[in-house]
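For reference, the chains in residue letters:
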Amino acid sequence: QQPVQSPQAVILREGEDAVINCSSSKALYSVHWYRQKHGEAPVFLMILLKGGEQKGHEKISASFNEKKQQSSLYLTASQLSYSGTYFCGTAPMKTSYDKVIFGPGTSLSVIP
Amino acid sequence: NAGVTQTPKFQVLKTGQSMTLQCAQDMNHNSMYWYRQDPGMGLRLIYYSASEGTTDKGEVPNGYNVSRLNKREFSLRLESAAPSQTSVYFCASSPTSGGPYEQYFGPGTRLTVT
């Protein structure tokens, strides 16, 4: 089942903060975050694993609440380059971590 | 390294025609994936291959077939194209051995079925 993302869209001014949420109705093993700029391929941001391990870019902050099957991506002091669509992907089981199902995306626009 | 390459970049098909989308990676990755992306739907997994010689269905496999030709190449075939298959198709690869790692995406193929 596809995870749910909120908000669907957000507009920020440079320097403002934003939080993008991702939730699933299933127990999760991993949550994956990607950003896609218009007309380009998605680019990896972070993976959060059950048990607390994280893999990703140091400048990106995210959390994973295993009990609630929720993850949040924190974008602080936003820059124009943060604009794009953010996708979360989820994998329910350690044995099927290849099968990542992505949410519909959150469109983020940062304006001067 | 070229990373993940896809051919063609653009394609227009008539309903009922067939075609194969090609994908190759030069990063020695075990896993490869095919996604389609439609407005408002995000990325939907069509098929994936966890290793050479294995393939498995994703969320939306109907109307597609795949072949993991070798470790480098993973092709997606549309046997009889339908307008509902108009989409942007992305191929991706990932190391995955020992746990989930980031997926590297190709530039995409824009397919229009008329």
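Refer to the structure presented above.
Thresholds, definitions, all that
- Residues numbered from 1 in each chain as written.
- Chains lettered and ligands numbered in written order.
- Predicted model: local features only at pLDDT ≥ 70, side-chain atom pairs only at ≥ 80, totals over all residues.
- Heavy atoms only, no water.
- Pairing = 2+ DSSP bridges.
- Helix = DSSP H or I, 4+ residues; strand = E, 2+ residues; numbered from the N terminus.
- Axes fitted to C-alpha atoms, helices over the stretch in contact; angles between N-to-C directions.
- Phe/Tyr/Trp six-rings, centres within 6.5 Å; stacked < 30°, edge-to-face > 60°.
- Buried < 20%, exposed > 50% of the residue type's maximum accessible area, 1.4 Å probe, protein only.
- Lys NZ or Arg CZ within 6 Å of the ring centre and 35° of its normal.
- Contact = heavy atoms within 4.5 Å.
- Buried area = accessible area lost by both parts, 1.4 Å probe.
- Salt bridge = Lys/Arg side-chain N within 4 Å of Asp/Glu carboxyl O.
- Nonpolar A, V, L, I, M, F, W, Y, C, P; charged D, E, K, R; others polar.

1. Let's talk about the sheet that holds strand β8 (residues 70-75) of chain A
All names here are of chain A.
Here comes step 1: Taken in spatial order, the 4 strands line up as β1-β3-β8-β7 in an open sheet, and their pairing is antiparallel. What marks the edges here is a single partner per strand, and that holds for β1 (4-6) and β7 (61-65). In this sheet, adjacent strand axes meet at a mean angle of 15 degrees when their direction is disregarded.
Here comes step 2: In this sheet, β8 lies alongside strand β3 (residues 18-23) in antiparallel orientation, the contact comprising 6 bridges. Bridge pairing links Ala18 to Leu75 in β8.

2. Side note on the packing of aromatic side chains
Here comes step 1: In total, this model carries 9 aromatic pairs over all chains according to the counting rule given.
Here comes step 2: Taken together, a centroid distance of 5.5 Å and an interplanar angle of 70 degrees make the contact between Phe102 of chain A and Tyr35 of chain B edge-to-face. Placement of Phe102 of chain A in strand β10 (residues 101-102) and of Tyr35 of chain B in strand β4 (residues 31-38) is noted, with the two residues assigned to different chains.
Here comes step 3: For Tyr35 of chain B, a relative accessible area of 0% corresponds to the buried category.
Here comes step 4: When the ring of Tyr33 of chain B is compared with that of Tyr35 of chain B, the centres are 6.1 Å apart and the planes differ by 25 degrees; the resulting orientation is stacked.
Here comes step 5: Chaining the aromatic ring pairs together yields one cluster made of Tyr34, Phe44 and Phe102 of chain A together with Tyr33, Tyr35, Tyr48, Phe90 and Phe105 of chain B.
Here comes step 6: Its guanidinium or amino end placed over the ring of Tyr101 of chain B, Lys55 of chain A lies 3.7 Å from that ring's centre, counting from NZ or CZ.

3. Describing the interface of chain A and chain B
Here comes step 1: With 23 residues of chain A at the interface, the matching set in chain B holds 25 residues.
Here comes step 2: Regarding the contact of chain A and chain B, the summed buried area is about 1900 Å², with carbon and sulfur atoms giving 59% of it.
Here comes step 3: At the surface where chain A touches chain B, the tally comes to 0 salt bridges.
Here comes step 4: For the side of chain A that touches chain B, the elements supplying multiple residues, two or more each, are β4 (30-36), β5 (43-49) and β10 of chain A.
Here comes step 5: Ranked by residue count, the leading element in the side of chain A that touches chain B is β4 of chain A, at 4 residues.
Here comes step 6: Here the residues of the side of chain A that touches chain B sort into 13 nonpolar, 6 polar and 4 charged.

4. Things to note about unusual backbone geometry
All names here are of chain A.
Here comes step 1: Here the bond from Ser6 into Pro7 is cis, since omega is -5 degrees, no more than 30 degrees from zero.
Here comes step 2: Examined against the element boundaries, Pro7 turns out to sit in the loop between β1 and β2 (9-13).
Here comes step 3: Of note, the phi angle at Ala77 is positive, near 45 degrees, even though the residue is not glycine.
Here comes step 4: Take Ala77: it is sitting in the loop between β8 and β9 (84-91).
Here comes step 5: Classification of Ala77 by relative accessible area gives partly exposed; the value is 43%.

In short, shape yes, function no, at least from these values alone.
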